[in-house]
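Residue-level listing of the chains:
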Amino acid sequence: MLGCRVDALTLNEALEVLGRFIASGKPHYVVTLNAEMAYRAMHDPRFRDIVNRAGLVTPDGAGIVWAARVLGNPVPERVAGIDLVQALAVRAAEEGWRLFLYGGAPGVAEEAGRRLKERHPGLNILGTSHGYLSPGKEEELLKNLKKTSPDVLLVALGSPKQEYWMARHLAGLGIPVAIGVGGSLDVLAGRAKRAPRFMQELGLEWLYRVVREPKRVKRALALPKFMIAVLAEARRTRGRRK
Ligand code: UDP
């Protein structure tokens, strides 16, 4: 949509794909695309290229699910980063996939890891790091990642920082799966709350986040701009089909 690839998969199918990536041993990064990111990709060819070179792009957000329908290529369901991480934790504990958590304020990844292990006793978390490292400390992290070689790396630096980071470093690290998960570690650590289920179902999770964090309002403005661009593209493609 609008020049961005989105994979039309369910949450379970996305998990299967991650399993295949891990079995292949080759590096793949995953983008959980929301409307704000898709709008950025429209105007930033470098970012768009990173999205389109991902191993998997999931439709994270009601805006993307709506756009896919309007553009005549519907996706089966929303696959949000936090839902993917939670389902992944269950599968990882069963399959023995080893995780590393990177990002968030100091203490967040550690706490998220502790809570995940509490919930999934078999889960193997090789390490954690906060997301505000100096260049020197980041070098240390890269070395540590090479040494420990996890199967899955969760990168929670916010978008677009996490996508740039994965595109730059993943091939060199050789980690089979890295997922840009935005604020998911904050949710797992209990520092941020998800919108109530009824708001998620109404496609209003973005509104909940704006109300809790008013400084998000500028970012949320990308949503109506994205919707206008989608409607214009839908009109163009209908015109072409006639
Ligand atoms: N973050 C980070 N390093 C940075 C900038 C941000 O670790 O240099 C973290 C921040 O602490 C937060 C997450 O990235 O946990 C971004 O969360 P947000 O909800 O803004 O993500 P998005 O809406 O982009 O998914």
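From a predicted model like this one, the values you see are computed outputs, not experimental measurements.

A. Fine view of the nonpolar core. In this structure, Leu33, Leu153, Trp165 and Phe226 are the most contacted members of the largest nonpolar core, which totals 42 residues. It is helix α13 (residues 222-241) that provides the largest number of residues to this core, a total of six residues. Beyond its immediate chain neighbours, meaning those up to four positions away, leucine 153 contacts Phe100, Tyr102, Leu145, Trp165, Ile175, Val177, Ala178 and Ile179.

B. Representation of helix α6 (residues 108-119) within the structure. The end-to-end C-alpha separation of α6 is 17 Å, in line with the 16 Å expected for 12 residues at 1.5 Å each. Within α6, the full set of buried residues consists of Val108, Ala109, Glu111, Ala112, Gly113 and Leu116. Buried residues along α6 sit against α5 (81-95), β3 (98-103), β4 (124-129) and α9 (184-188).

C. Examining the pattern of salt bridges more closely. Counting across every chain of the model gives 16 salt bridges. A salt bridge links aspartate 83 to arginine 194; the nearest nitrogen and oxygen atoms lie 2.8 Å apart. Of this pair, aspartate 83 sits in helix α5 while arginine 194 is found in the loop between α9 and α10 (197-201), placing the two residues 111 residues apart along the sequence. One connected set of salt bridges, linked through shared partners, spans Asp60, Arg78, Asp83, Arg194 and Glu205.

D. Examining the environment of arginine 69 more closely. For arginine 69, the location among the structural elements is in helix α4 (residues 62-70). For the pair arginine 69 and alanine 234, spaced 165 residues apart in sequence, the C-alpha separation works out to 9.9 Å.

E. Focus on the sheet that holds strand β2 (residues 56-59). Taken in spatial order, the six strands of this open sheet run β2-β1-β6-β5-β3-β4, and their pairing is parallel. Looking at the sheet topology across the chains shown, the edges are occupied by β2 and β4. Averaged over all pairs of adjacent strands, the angle between strand axes in this sheet comes to 20°, irrespective of strand direction. Pairing of strand β5 (residues 152-156) with strand β6 (residues 177-180), which is carried by four bridges, proceeds in the parallel orientation. Bridged to valine 152 within β6 is valine 177.

F. Highlighting the packing of α4 against α13. Relative to each other, α4 and α13 sit at 10°, their axes nearing to 10 Å. Classed by the angle they form, the pair α4 and α13 counts as roughly parallel. Two secondary-structure elements touch here, α4 through Gly63, Ile64, Trp66, Ala67 and Val70 and α13 through Leu223, Phe226, Met227, Val230, Leu231 and Ala234.

G. Representation of the packing of aromatic side chains in the model. This model, assessed by the stated rule, comprises two aromatic pairs. With a centroid separation of 6.1 Å and an interplanar angle of 50°, the aromatic rings of phenylalanine 47 and tyrosine 164 are classed as tilted. Residue phenylalanine 47 is located in helix α3 (residues 45-52), and its partner tyrosine 164 is located in helix α8 (residues 161-173); the two are separated by 117 residues in the primary sequence. Given the relative accessible area of 0%, phenylalanine 47 is considered buried.

H. Fine view of the pairing of β2. Across the two faces of β2 the burial is the same, with Leu56 and Thr58 and Val57 and Pro59 all buried. Across four bridges, strand β1 (residues 28-33) lies against β2 in parallel orientation. In the sheet register, valine 30 faces β2, and the bridge partner there is leucine 56.

I. Region of the structure containing the layout of surface pockets. By volume, the second largest pocket amounts to about 210 Å³. Within the residue set of the lining of the second largest pocket, elements represented by two or more residues are α2 (35-43), α12 (217-220) and α13. When residues in the lining of the second largest pocket are grouped by element, the largest group, three residues, is from α2. Taken together, the residues that form the lining of the second largest pocket break down as three nonpolar, one polar and five charged.

J. A look at a nonpolar patch on the surface. Together, Trp206, Leu207 and Val211 make up an exposed nonpolar region whose accessible area comes to about 280 Å². Within the secondary structure, leucine 207 sits in helix α11 (residues 205-212).

K. Region of the structure containing the site of the ligand. If you check the shell around the ligand, you find 16 residues, and the closest are Gly104, Gly131, Lys161, Asp186 and Arg216. Within the side chain of aspartate 186, a nitrogen or oxygen atom sits 2.5 Å from an oxygen atom of the ligand. Here arginine 209 contributes a side-chain N or O atom positioned 2.8 Å from an oxygen atom of the ligand. Here the ligand has 550 Å² of accessible area as a free molecule, and 80% of this is covered by the chains. Across the shell around the ligand, the residue classes tally to four nonpolar, seven polar and five charged.

Reading the values: rules and limits
Counting restarts for each chain: residues are numbered from 1 in the order of the written sequence. The predicted origin of the model limits local features to residues at a pLDDT of at least 70 and limits the giving and counting of side-chain atom pairs to 80 or more, whereas totals for whole chains, interfaces and linings rest on all residues. The basis for the side-chain values is all heavy atoms of the structure; hydrogens and waters are excluded. We define a nonpolar core as any set of buried Ala, Val, Leu, Ile, Met, Phe, Trp, Tyr and Cys residues linked to one another through side-chain atoms lying within 4.5 Å. Burial classification: accessible surface area is computed with a 1.4 Å probe over protein chains only, and a residue below 20% of its type maximum counts as buried, one above 50% as exposed, and the rest as partly exposed. By definition, any uninterrupted DSSP run of H or I lasting at least four residues is a helix, any uninterrupted run of E lasting at least two residues is a strand, and each is numbered from the N terminus. Two residues form a contact once any of their heavy atoms are found within 4.5 Å. The span one expects for a helix is its residue count, reduced by one, times 1.5 Å. Between Lys or Arg on one side and Asp or Glu on the other, a salt bridge is scored when a side-chain nitrogen of the former is within 4 Å of a carboxyl oxygen of the latter. A pair of strands is considered paired only if DSSP assigns at least 2 bridges between the two. Between N-to-C directions, angles cover 0 to 180 degrees, with each direction set by a line fitted to C-alpha atoms, over the stretch in contact for helices. Oblique is the label for any angle not covered by the other classes, which are roughly parallel (under 35 degrees), roughly antiparallel (over 145) and roughly perpendicular (65 to 115). Pairs were defined over the aromatic rings of Phe, Tyr and Trp, the Trp ring being its six-membered one, requiring ring centres within 6.5 Å. Orientation was assigned from the angle between planes: stacked under 30 degrees, edge-to-face over 60, tilted for the rest. A pocket, in this scheme, is an open set of points on a 1 Å grid over the protein atoms alone with protein on both sides within 12 Å along at least 5 of 7 lines, while a cavity is a set where a 1.4 Å probe fits but cannot get out; residues line either one if an atom lies within 4 Å of a point. Grid points are joined across faces, edges and corners, and a volume is the space filled by probe spheres set on the points. Any residue that is not Ala, Val, Leu, Ile, Met, Phe, Trp, Tyr, Cys, Pro, Asp, Glu, Lys or Arg is counted as polar, Gly included; the first ten are nonpolar and the last four charged. Patch membership is restricted to residues that have no salt bridge and whose relative accessible area is over 30%. Joining uses 9 Å for like charges and 5 Å for the nonpolar side chains Val, Leu, Ile, Met, Phe, Trp and Tyr. In this description, accessible areas are obtained by the Shrake-Rupley approach with a 1.4 Å probe, and a residue is regarded as covered only by the protein chains that are shown. Nearness of a residue to a molecule or strand requires only that one of the residue's heavy atoms be within 4 Å of it. Residues adjacent in sequence count toward polar contacts only when both atoms are side-chain atoms; beyond that, a polar contact is any pair of N or O atoms within 3.5 Å, and within protein one must be able to donate a hydrogen and the other to accept it.

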